[in-house]
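Listed here are the chains, written in short residue letters.
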Amino acid sequence: MNHDVTLLVDIRAQVGEGAIWEAQKKVLYWLDILSSELYEYNPTTGENKTYHVGQHVGTVVPRASGGLMLALYNGFAAFDPASGKITMIADPEANLPANRFNDGKCDPAGRFWAGTMAYTHQSTQGSLYRLDADLSVHKMMGNIAISNGIVWTADKKTMYYIDTHAYNVRAYDYDNATGNIANERVVVTVEKGMGGPDGMAIDAEDMLWVAHYGGSCVRRWDPKSGKVLDQIDLPVSNITSCAFGGDDLSTLYITSAAQQLSAEALAKTPLAGSLFRANPGVKGVPSFAFAG
Ligand code: CA
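To keep things clear, this report deals only with the structure shown in the data block. If you're wondering where the values come from, they're calculated on a predicted model, not measured in any experiment. (Residues numbered from 1 in each chain as written. Predicted model: local features only at pLDDT ≥ 70, side-chain atom pairs only at ≥ 80, totals over all residues. Heavy atoms only, no water.)

**Describing the coordination of the calcium ion**
Then, number 1: The protein atoms that coordinate the calcium ion are Glu 17 (OE), Glu 17 (OE), Asp 103 (OD), Asn 148 (OD1), Asp 198 (OD) and Thr 240 (O), at distances of 1.9 to 3.2 Å.
Then, number 2: Geometry at the calcium ion is irregular, judged from its six donor atoms and the angles of 45 to 150° they form at the metal.
Then, number 3: Donor residues binding the calcium ion come from one chain and are separated in sequence as E-x85-D-x44-N-x49-D-x41-T. Here Asp 103, found in strand E10 (residues 99-106), pairs with Asp 198, found in strand E18 (residues 196-202); they are 95 residues apart in sequence, far enough to count as distant. (Donors = N, O, S within 2.8 Å, 3.2 Å for Na, K, Ca; no water. Tetrahedral: all angles 85-135°; square planar, octahedral: opposite > 155°, others 65-115°. Helix = DSSP H or I, 4+ residues; strand = E, 2+ residues; numbered from the N terminus.)

**Concerning the packing of aromatic side chains**
The description of an aromatic ring pair rests on the distance of the ring centres and on the angle between the ring planes.
Then, number 1: Going through the model one piece at a time under the given rule, you end up with twelve aromatic pairs.
Then, number 2: With a centroid separation of 5.9 Å and 5° between ring planes, the pair formed by Trp 21 and Tyr 253 is classed as stacked. Here Trp 21, found in strand E2 (residues 16-22), pairs with Tyr 253, found in strand E23 (residues 251-256); they are 232 residues apart in sequence, far enough to count as distant.
Then, number 3: When its relative accessible area of 3% is taken as the criterion, Tyr 253 is described as buried.
Then, number 4: A connected cluster of aromatic rings, assembled from ring pairs, spans Phe 76, Phe 101, Phe 112, Tyr 129 and Phe 290. (Phe/Tyr/Trp six-rings, centres within 6.5 Å; stacked < 30°, edge-to-face > 60°. Buried < 20%, exposed > 50% of the residue type's maximum accessible area, 1.4 Å probe, protein only.)

**Details of the sheet that holds strand E17 (residues 181-189)**
Paired through their backbone hydrogen bonds, the strands of a sheet run either parallel or antiparallel.
Then, number 1: With antiparallel pairing, four strands are arranged side by side in an open sheet as E14-E15-E16-E17. Taken across any chain shown, the strands that pair with only one partner, and hence form the sheet edges, are strand E14 (147-152) and E17. Taking the axes of each pair of neighbouring strands and ignoring which way they run, one obtains an average angle of 25° across the sheet. (Pairing = 2+ DSSP bridges. Axes fitted to C-alpha atoms, helices over the stretch in contact; angles between N-to-C directions.)

**Examining the state of the cysteines**
Joining two cysteines, a disulfide is a covalent bond between their sulfur atoms.
Then, number 1: Within the structure shown, the criterion is met by zero disulfides.
Then, number 2: In this structure Cys 106 is a free cysteine whose sulfur lies 17 Å from that of Cys 242, the closest cysteine sulfur available.
Then, number 3: Between Cys 242, a free cysteine, and Cys 217, which holds the nearest cysteine sulfur, the sulfur-to-sulfur gap is 11 Å.
Then, number 4: Cys 242 sits in the buried class, given a relative accessible area of 3%. (Disulfide = S-S within 2.5 Å.)

**A word on the nonpolar core**
Then, number 1: Counting 28 residues, the largest nonpolar core has Leu 38, Val 60, Leu 70 and Phe 112 as its most contacted members.
Then, number 2: Listed by contribution, the elements that provide at least two residues to this core are strand E3 (27-32), strand E6 (57-62), strand E7 (68-72), strand E8 (75-80), E10, strand E11 (112-118) and strand E12 (126-131).
Then, number 3: Broken down by element, the residue count for this core peaks at five residues, all from E7.
Then, number 4: Excluding its chain neighbours within four sequence positions, the residues that come into contact with Leu 38 are Tyr 29, Trp 30, Leu 31, Lys 49, Thr 50, Tyr 51, Val 53, Val 60, Leu 68, Leu 70 and Phe 79.
Then, number 5: Grouped together as the second largest cluster of nonpolar side chains are 19 residues, Cys 242, Leu 252, Ile 254 and Ala 258 included. (Core = buried A, V, L, I, M, F, W, Y, C linked by side-chain atoms within 4.5 Å. Contact = heavy atoms within 4.5 Å.)

**Remarks on the side chain of Asp 132**
Then, number 1: You can see Asp 132 is positioned in the loop between E12 and strand E13 (137-144).
Then, number 2: The class for Asp 132 is buried, based on a relative accessible area of 12%.
Then, number 3: If we skip the residues at most four places from it in the chain, Asp 132 touches Arg 111, His 138 and Phe 290.

**Examining the side chain of Thr 240**
Then, number 1: Mapped onto the secondary structure, Thr 240 falls in strand E22 (residues 239-245).
Then, number 2: Classification of Thr 240 by relative accessible area gives buried; the value is 1%.
Then, number 3: Reaching out from Thr 240, the side chain makes a polar contact with the backbone oxygen of Gly 16 at a distance of 2.6 Å.
Then, number 4: For Thr 240, the residues in contact, after removing those within four places along its chain, are Gly 16, Glu 17, Asp 103, Asn 148, Asp 198, Gly 199, Ala 211, Tyr 213, Thr 255, Ser 256 and Ala 257. (Polar contact = N/O pair within 3.5 Å; in protein donor to acceptor, adjacent residues only side chain to side chain.)

**Side note on the sheet that holds E3**
Then, number 1: Across the sheet, four strands lie side by side as E2-E3-E4-E5; this open sheet has antiparallel pairing. Two strands in the sheet have a free side with no partner beyond their single neighbour: E2 and strand E5 (48-52). Pairwise comparison of adjacent strand axes, ignoring direction, gives a mean angle of 20° for this sheet.
Then, number 2: Bridging between strand E4 (residues 37-41) and E5 involves five bridges; their strand directions are antiparallel. Looking at the pairing, Tyr 41 lines up with Asn 48 of E5.

**Looking at the pattern of salt bridges**
Then, number 1: The full count for this structure, using the stated rule, is eleven salt bridges.
Then, number 2: In this structure, the salt-bridge partner of Lys 105 is Asp 103, at a minimum N-O distance of 3.7 Å.
Then, number 3: Since its relative accessible area comes to 14%, Lys 105 is described here as buried.
Then, number 4: Note on Asp 103: relative accessible area 3%, which makes it buried.
Then, number 5: A salt bridge links Arg 219 to Glu 191, with the nearest nitrogen and oxygen atoms 3.2 Å apart. Here the residue Arg 219 occupies a position in strand E20 (residues 217-222), and Glu 191 occupies one in the loop between E17 and E18, the gap between them amounting to 28 residues. (Salt bridge = Lys/Arg side-chain N within 4 Å of Asp/Glu carboxyl O.)

Have a look at this one:
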């Protein structure tokens with residue numbers, strides 16, 4: 001299928017990330033991790049509002065009781081966009097200053113999962129954490145290189161998760177009542193030359209849309225067969241996250257990164273770091289808010 005890609009925000013984000021559609025306000029939240037900036041993109045007006053959050057920020061999710069939740073360098077936090085106030089909640093890695101938070105999302109019961117990685121990209125000192133509604137933090141996985149995309153199936157029985165340097169997507173049995181995971185298995189393996197699997201979204205047919213960092217594309221993968229079903233090509237190489245949005249969830253928003261590109265590469269791909277839109281030809285599912 002041929003997918004037209006539209007440039008929405010021409011910006012050189014170092015690590016554009018964390019795309020998530022907020023259905024009530026009808027805006028897309030996303031961010032640039034290394035610029036410590038949170039963005040609120042309004043597709044009706046075209047405005048991309050910037051919030052300076054003062055720390056490297058890995059991801060953002062809406063909070064059911066109002067405002068947003070962030071995974072900041074100093075840990076999980078609540079953020080009130082109206083006042084700009086940040087309330088720190090928990091820092092599971094206060095003892096690991098060489099790490100930062102990366103991608104994360106909420107599960108169907110409203111628990112906030114977010115993981116970490118080393119700034120150097122060169123170790124497996126990252127972990128995946130779960131912040132529950134009672135604000136308790138649980139370490140769910142260790143030995144992670146670059147914690148990235150995470151989604152849940154419509155029946156709430158399976159979780160898919162990406163550690164970029166593993167070059168695969170792993171599935172887990174997921175218990176929505178407890179938030180426990182079990183029975184890890186690899187369901188997608190990314191071949192050499194297609195970059196590293198990065199952010200991920202799930203569509204209404206339980207198929208996975210994976211951002212390929214260094215692969216200049218988002219691919220639709222079937223986790224049952226492990227096969228590629230579709231591909232959206234982008235004019236930049238480092239694709240970092242994607243999220244379904246719009247009134248009927250039929251738009252795919254795509255973020256990218258300008259980090260790690262040489263001056264020559266940036267000259268060839270001047271849109272690196274920008275926010276894009278594509279029509280995937282299938283609808284997504286609503287995102288979940290933090291329940292706490
Ligand atoms: Ca990502």
